[in-house]
Structure formats: C-alpha cells, structure tokens
Amino acid sequence: MDVILFGPPGAGKGTQAGRISDALSIPHVSTGDIFRYHLKQGTDLGTLARGYMDRGELVPDEVVFKLVADRLTQDDALGGILFDGFPRTVRQAELLADWLSTNGRGTGVVVNLDVPESILVPRLTGRRTCENKSCGAGYHLVFSPPVAHGVCDRCGGKLLQRKDDNEETALNRLDVYRSQTAPVLAWLRQHDAPVLDIDGTKAIDAVGNDIEEGLKAFSA
Ligand code: ADP
Ligand code: AMP
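Presented here is a report on the structure given in the accompanying data block. From a predicted model like this one, the values you see are computed outputs, not experimental measurements. (Residues numbered from 1 in each chain as written. Chains lettered and ligands numbered in written order. Predicted model: local features only at pLDDT ≥ 70, side-chain atom pairs only at ≥ 80, totals over all residues. Heavy atoms only, no water.)

Tallying secondary structure elements over the protein chain gives eight helices and eight strands in all. For 220 residues, the compact-globule estimate of 2.2 N^0.38 gives 17 Å, and the C-alpha radius of gyration of the protein chain, at 17 Å, lies within 12% of that figure. A principal-axis box enclosing the C-alpha atoms of the protein chain has dimensions of 50 × 40 × 35 Å. The buried share among the 220 residues of the protein chain stands at 45%. Relative to all contacts within the protein chain whose residues are 6 or more apart in sequence, the contacts with residues 24 or more apart total 69%. Taking the average location of the 24 positive side-chain charges in the protein chain and that of its 30 negative ones, the two points are 4 Å from each other. (Helix = DSSP H or I, 4+ residues; strand = E, 2+ residues; numbered from the N terminus. Rg over C-alpha atoms; globule rule 2.2 N^0.38 Å. Buried < 20%, exposed > 50% of the residue type's maximum accessible area, 1.4 Å probe, protein only. Contact = heavy atoms within 4.5 Å. Lys, Arg positive; Asp, Glu negative; His and termini not counted. Charge placed at Lys NZ, Arg CZ, Asp CG, Glu CD.)

If you want it as structure tokens, here you go:
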C-alpha cells in the first residue's frame, strides 16, 4: 500500500513517519530529506536544489519526479512507499498518479494532518533534528525537548536547526503551501484517493494512535 503523508510544513509528517513506516513495513521517503542529503554531499542535484530550499520555494516538478520515480523502482519500494513532502503540486500529483496506474498500483491512501497555520511557525522555528543521518531523531525546544539541551536522547548526537526553519523562510514556505500544495488535497479527493483526515493538533502520541487506527480501518 502506498501512503501519502500530507500536510503543511510543521504539521508533524516527519514526526509520525517512522511509526507508520514500521506499522506498514514500507519505506519512509521524504523528498526534503533526499534533497538535504544531496546538499550535504555537494552533488549536482544538491547544488540545483539549494537556492529553492533556502528561499522556501519548491524545486521544479520534473526534477523532483525523476528522483521519486527512481526511488519507486527500488526493491524495497515494490510493496509500497510512505511519501512525506510529496506530491507538493498538482503537476507532481498527476505525474505520480500516471506512474502508479502504469505500474499497476492503486491511488494510495492519503493521511491528511490538519493543523491551523497559527501554530505552524512556532513548531518550525523550534524544530531540532539529530545530526546523525542514521538516527535523525526529531525534537522541539518546547513541545518535545531532549533530556539534555542540544543533545540527542537516542544517540548522543548534536541537535541541529534547519537553515530554512527561520521565521522569514517558514512564513514563505507557508505561503507556498497555501498557493501550490493545499490544492493537491482537493485534486486527490476529486481523483477518488481515500483520505484519512487527522487532527494534528493533538499530542504526538495521540496523533500517532489516530493514524494507526484510521489506517487499520482502510486496510481491513
Ligand atoms: P513536518 O515534517 O510536517 O514539516 P515535523 O514532524 O518535523 O513536521 O514537526 C515539526 C515540529 O513540530 C517538530 O519540532 C516536532 O517535534 C513538532 N511536533 C510534531 N508533531 C507535534 C505535535 N503533535 N504536537 C506538538 N509538536 C509537534
Ligand atoms: P521539507 O523537508 O519537506 O520541509 O522540504 C524542504 C524543502 O525541500 C522544501 O521547502 C523545498 O524547497 C524542497 N522540497 C521537498 N520536497 C519537495 C517537493 N515534493 N517538491 C518541490 N520541492 C520540494
């Protein structure tokens, strides 16, 4: 089963992804994480993506889709993928739907994390992430703090703030979400994708429980 984890920046997609990926035994694919990996490695793709990411704009659709199509054909993705941060434009949704139908896969289930804009900026500016890629644990300075300031509870790694999680870029990312990404949800509903609407304002564990229960009902 393919699952699209949908919602604005800061909605809690990355926070919930590990639990869903474990429950369904499908790999978690975050297009943002893939771009950050390329940025760090200094690849051509990273160089291309850097300006867009720093400004809080979207990387062009064809570039993103090539990367996703490559990922979809890897062995571990044959039984489904958990998409996080993709599709982010109607064009990306169309490209994905074409690929899935050509390859005999259904539309996938959409998990829509509903969170009002007013709480997204503080979530983004307070986000911290473990520097170790093999860990990547996520924290929040206020809502989900580590035991020791600046240090990952799981692996002892240093906690970093993303460059695009400053207030100005976060506000721009929310504008981009409103104009280019929010319409994707309507498009998916129109194209008969099953949508599980989740209240993303609840505590992290409660959101995870709601998603798990909801997905059980879909797969039953
Ligand atoms: P996204 O991947 O959707 O951009 P994240 O999962 O990284 O968002 O969450 C953004 C920030 O909000 C993180 O610092 C995370 O710890 C925090 N967060 C996530 N879910 C919740 C929640 N339900 N309540 C409070 N804070 C949350
Ligand atoms: P995220 O980690 O999902 O917050 O994404 C960080 C940044 O990566 C975004 O602000 C975009 O610049 C870029 N990005 C990630 N996913 C996509 C996508 N599906 N389409 C276009 N740009 C993306």
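To continue, consider the site of ligand 1. In the vicinity of ligand 1, 17 residues are found, and the nearest of them are Gly10, Thr15, Arg127, Tyr139 and Lys202. The separation between an oxygen atom of ligand 1 and a polar side-chain atom of Thr15 is 2.6 Å. Measuring from an oxygen atom of ligand 1, one finds a backbone N or O atom of Tyr139 at 2.7 Å. Here ligand 1 loses 91% of its free accessible area of 570 Å² to cover by the protein chains. Among the elements that take part in the shell around ligand 1, helix H1 (residues 13–24) stands out by supplying three residues, more than any other. When the residues that make up the shell around ligand 1 are grouped by side-chain class, the tally is seven nonpolar, six polar and four charged. (Near = heavy atom within 4 Å. Polar contact = N/O pair within 3.5 Å; in protein donor to acceptor, adjacent residues only side chain to side chain. Areas by Shrake-Rupley, 256 points an atom, 1.4 Å probe, with all protein chains shown as cover. Nonpolar A, V, L, I, M, F, W, Y, C, P; charged D, E, K, R; others polar.)

Turning next to the sheet that holds strand E2 (residues 28–30). Hydrogen bonds between backbone groups are what pair the strands of a sheet, and the pairing can be parallel or antiparallel. Across the sheet, which stays open at both edges, the five strands sit in the order E2-E3-E1-E4-E8 with parallel pairing between neighbours. Either end of the sheet is taken by a strand with one partner, and the two such strands are E2 and strand E8 (195–199). In this sheet, neighbouring strand axes are inclined to one another by 20° on average, regardless of whether the strands run parallel or antiparallel. Helix H8 (residues 204–219) rests against strand E4 (109–114) and E8 of the sheet, and its axis sits at about 160° to E8. (Pairing = 2+ DSSP bridges. Axes fitted to C-alpha atoms, helices over the stretch in contact; angles between N-to-C directions.)

This brings us to the packing of helix H5 (residues 90–102) against helix H7 (residues 167–190). Interaxial distance between H5 and H7 falls to 8 Å at its minimum, and their mutual angle equals 40°. Classified by the angle their axes make, H5 and H7 are oblique. Touching Val90, Ala93, Glu94 and Ala97 of H5 are Gln180, Pro183, Val184 and Trp187, all from H7. The residue inventory of the contact of H5 with H7, partitioned by class, reads six nonpolar, one polar and one charged. (Parallel < 35°, antiparallel > 145°, perpendicular 65-115°, else oblique.)

Before going further, it helps to examine the site of ligand 2. Neighbouring ligand 2 are 16 residues; Thr31, Arg36, Glu57, Gly85 and Gln92 lie closest to it. With respect to ligand 2, the side chain of Arg36 contributes an N or O atom lying 2.9 Å from an oxygen atom. Protein coverage of the free-state accessible area of ligand 2, which is 480 Å², stands at 96%. Take the shell around ligand 2: its biggest share by element is four residues, from helix H2 (residues 31–41).

With that settled, consider the sheet that holds strand E5 (residues 127–130). Reading across from one edge, E6-E5-E7 is the order of the three strands in this open sheet, with antiparallel pairing throughout. Lying at the two open borders of the sheet, with one neighbouring strand each, are strand E6 (138–140) and strand E7 (159–160). Sheet topology note: the E5/E7 ladder contains two bridges and is antiparallel. Bridge assignment links Thr129 to a residue of E7, and that residue is Leu160.

Its location among the elements puts Ser21 in helix H1. Filtering out sequence-adjacent residues up to four positions away, Ser21 remains in contact with Ile26, Pro27, His28 and Leu82.

Let us look at a nonpolar patch on the surface. Side chains of Leu141, Val142 and Phe143 sit close together on the surface and give an oily, nonpolar patch of about 310 Å² of accessible area. Classification of Leu141 as partly exposed rests on a relative accessible area of 39%. (Patch = residues over 30% accessible without salt bridge, like charges linked within 9 Å, V, L, I, M, F, W, Y side chains within 5 Å. Salt bridge = Lys/Arg side-chain N within 4 Å of Asp/Glu carboxyl O.)

Core analysis: the biggest nonpolar cluster contains 30 residues, and Phe65, Val68, Phe83, Leu96 and Val110 have the highest contact counts within it. Contributing elements (two or more residues each) for this core: strand E1 (3–6), helix H3 (44–55), helix H4 (61–72), H5 and H7. The element contributing the most residues to this core is H4, with six residues. Beyond its immediate stretch of four places on either side in the chain, Phe83 contacts Val3, Ile4, Leu5, Val29, Val68, Leu72 and Leu96. Counting 19 residues, the second largest nonpolar core, distinct from the first, contains Val3, Ile20, Ile26 and Val109. (Core = buried A, V, L, I, M, F, W, Y, C linked by side-chain atoms within 4.5 Å.)

Read these as geometric descriptors, not functional statements.
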